[in-house]
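Understanding the architecture of this molecule
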Number of protein chains: 2
Amino acid sequence: MRSACPLNFGLEQFGDKWSLLILRDMMFFDKRYYNEFLSSEEAISTNILADRLLMLEKEELITKQKDTGHKQRIRYSLTEKAIDLLPVILEIGLWSDKHAGKLITPEKAFFLVEVKKDRETGMKKITDKLRNDHIL
Amino acid sequence: MRSACPLNFGLEQFGDKWSLLILRDMMFFDKRYYNEFLSSEEAISTNILADRLLMLEKEELITKQKDTGHKQRIRYSLTEKAIDLLPVILEIGLWSDKHAGKLITPEKAFFLVEVKKDRETGMKKITDKLRNDHIL
DNA sequence: CAGGATCCCATAGGATACTG
DNA sequence: CAGTATCCTATGGGATCCTG
């Protein structure tokens, strides 16, 4: 680790260009399976996806479960630690919404709607939804 | 650009392992000069620092001024666009503070004290301070 | 379907020396 | 003092193919 600074710690855990996108897919697009992550617009490649899923698991941001039943499909779930990243993701989104101009489209920013109305209650609404799924 | 998603936009602007650390140095350690950035604990090297300063300037997150007077020392200042990143930086810090355990030391987390007492007023207090410096 | 293996290229980044 | 330049290595990452 480069330093004991909290900002640096966070950057070392998820400060690459892919980890937060995977968590976004889980949080806002309800993706849970390998091939669902592959189909995102940003087109992550298989070796990077596999690598990041391992990293996220090691950092305890996601957990793996064998799909209940006979198939060996793996389902990924968010941990509480990952759900706690929601404010980080939303603040990045809000910043971009303010400064990106026409580079981002309203449809792509749909997940900001609730927090733009009211940060606190919007945040809570999304967190509750994620926590419910988490328990399933 | 990989996509028109606001999260992705932010990640492409400052989602590397150094940019936010430089902004942190400016925001919380009042660093403004090249050699001050070099002396940070994370030990950035000269080529990376020069590169990131150019990037941050191109993205309009910092501005350069020749130091008033005869010397050709360059002073870097935060733009409003960079000051708007304060919530992002603080949320990352708060998350790490919660999840890093003993890997981060209280002294390193001093810049979280105000927001931990009260997010809204703490945020405003820091923003005001940065805006004042910005005007100098 | 999940993900490992391989190949190959681009970028990141450390170390050091040099320039205006 | 603020970079540039150079060299070299490590990592990131795209493409493709392979395996249990």
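In short, a report on the structure. For clarity, every value in this text was computed on a predicted model and none was experimentally measured. In this numbering scheme, every chain counts its residues from 1 along its sequence in written order. By the order in which they are written, chains take letters starting at A while ligands take numbers starting at 1. Per-residue local features are limited, in this predicted model, to residues with pLDDT of at least 70; the limit for side-chain atom pairs, both in listing and counting, is 80 or more; totals at the level of whole chains, interfaces and linings are taken over all residues. Each side-chain value is derived from all of the structure's non-hydrogen atoms; neither hydrogens nor water enter the calculation.

Their axes nearest at 8 Å, the elements helix α1 (residues 6-14) of chain A and helix α6 (residues 86-99) of chain B cross at an angle of 85 degrees. In terms of their interaxial angle, α1 of chain A and α6 of chain B are classed as roughly perpendicular. Where α1 of chain A abuts α6 of chain B, its residues Pro6, Leu7, Phe9, Gly10, Gln13 and Phe14 of chain A lie against Ile89, Ile92, Gly93, Trp95, Ser96 and His99 of chain B. Any residue that is not Ala, Val, Leu, Ile, Met, Phe, Trp, Tyr, Cys, Pro, Asp, Glu, Lys or Arg is counted as polar, Gly included; the first ten are nonpolar and the last four charged. Considered class by class, the residues forming the contact of α1 of chain A with α6 of chain B number seven nonpolar, five polar and no charged. Helix axes are fitted only over the stretch in contact, all axes being lines through C-alpha atoms; the angle between N-to-C directions runs from 0 to 180 degrees. Helix numbering and strand numbering both begin at the N terminus, where a helix is a DSSP run of H or I of at least 4 residues and a strand a DSSP run of E of at least 2. Any angle that is under 35 degrees is reported as roughly parallel, and any over 145 degrees as roughly antiparallel; angles of 65 to 115 degrees are reported as roughly perpendicular and all others as oblique. Here a residue-residue contact requires only that any non-hydrogen atoms of the pair lie within 4.5 Å.

Residue and element names in this part refer to chain A. Mapped onto the elements of the fold, aspartate 25 is located in helix α2 (residues 19-28). When its relative accessible area of 4% is taken as the criterion, aspartate 25 is described as buried. When sequence neighbours within four positions are dropped, the list of residues in contact with aspartate 25 reads Asp30, Lys31, Phe37 and Ser40. Partly exposed residues are those whose accessible area sits between 20% and 50% of the maximum for their type, while under 20% is buried and over 50% is exposed, using a 1.4 Å probe and protein chains only.

Residues are counted as near a molecule or strand when any one of their heavy atoms sits within 4 Å of it. Neighbouring residues of DNA strand D: 15 residues in total, closest Asn47 and Arg52 of chain A together with Tyr34, Arg73 and Tyr76 of chain B. Note that a phosphate oxygen of DNA strand D is positioned 3.4 Å from one of the side-chain N or O atoms of tryptophan 18 of chain A. Side-chain atoms alone can form a polar contact between residues adjacent in sequence; in general such a contact is a pair of N or O atoms within 3.5 Å, and within protein one must be able to donate a hydrogen while the other accepts it. At 3.3 Å, a side-chain N or O of serine 45 of chain A approaches a phosphate oxygen of DNA strand D. Listing elements by their share of the surface near DNA strand D, those giving two or more residues are α4 (46-58) of chain A together with α3 (34-38), α4 (46-58) and β2 (74-78) of chain B. For the surface near DNA strand D, the element with the highest residue contribution is α4 of chain A, accounting for four residues. Along the lines of polarity and charge, the residues of the surface near DNA strand D split into six nonpolar, six polar and three charged.

Let's shift gears to the packing of aromatic side chains. Centres within 6.5 Å make a pair out of two Phe, Tyr or Trp rings, where for Trp the six-membered ring is used; the pair is then stacked when the planes are under 30 degrees apart, edge-to-face when over 60, and tilted otherwise. Applying the stated rule across the entire model yields 12 aromatic pairs over all chains. Relative to tyrosine 76 of chain B, the ring of phenylalanine 37 of chain B has its centre 6.2 Å away and its plane inclined at 55 degrees; by these criteria the two rings are tilted. Placement of the pair is phenylalanine 37 of chain B in helix α3 and tyrosine 76 of chain B in strand β2, with a sequence separation of 39 residues. When its relative accessible area of 5% is taken as the criterion, tyrosine 76 of chain B is described as buried. Ring geometry for phenylalanine 110 of chain B against phenylalanine 111 of chain B: centres 5.8 Å apart, planes inclined by 90 degrees, an arrangement best described as edge-to-face. By the ring-pair criterion, three or more aromatic residues cluster together here, those being Phe28, Phe29, Phe110 and Phe111 of chain A. Either the NZ atom of lysine or the CZ atom of arginine qualifies as a charge over a ring when it sits within 6 Å of the ring centre and within 35 degrees of the ring normal. The aromatic ring of phenylalanine 29 of chain A is capped on one face by lysine 31 of chain A, whose charged end is 5.9 Å from the ring centroid. Over the ring of tyrosine 33 of chain B we find arginine 73 of chain B, and its NZ or CZ is 3.8 Å from the ring centre.

Another aspect to go through is the layout of surface pockets. Considering only enclosed or pocket space, the largest pocket measures out at about 340 Å³ in volume. Definitions used throughout: a 1 Å grid over protein atoms alone; a cavity as a set of points that fits a 1.4 Å probe which cannot get out; a pocket as an open set with protein on both sides within 12 Å along at least five of seven lines; a lining residue as one with an atom within 4 Å of a point. In terms of lining, the largest pocket is formed by 16 residues, of which the most central are Glu91 and Lys98 of chain A together with Asp84, Pro87 and Met123 of chain B. Listing elements by their share of the lining of the largest pocket, those giving two or more residues are α6 (86-99) of chain A together with α6 and α8 (119-135) of chain B. Here the element with the most residues in the lining of the largest pocket is α8 of chain B; it accounts for six residues. Residues that form the lining of the largest pocket fall into these classes: six nonpolar, one polar and nine charged. At the level of secondary structure, the elements contributing two or more residues to the lining of the second largest pocket comprise α6 and α8 (119-135) of chain A together with α6 of chain B. Grid points are joined across faces, edges and corners, and a volume is the space filled by probe spheres set on the points.

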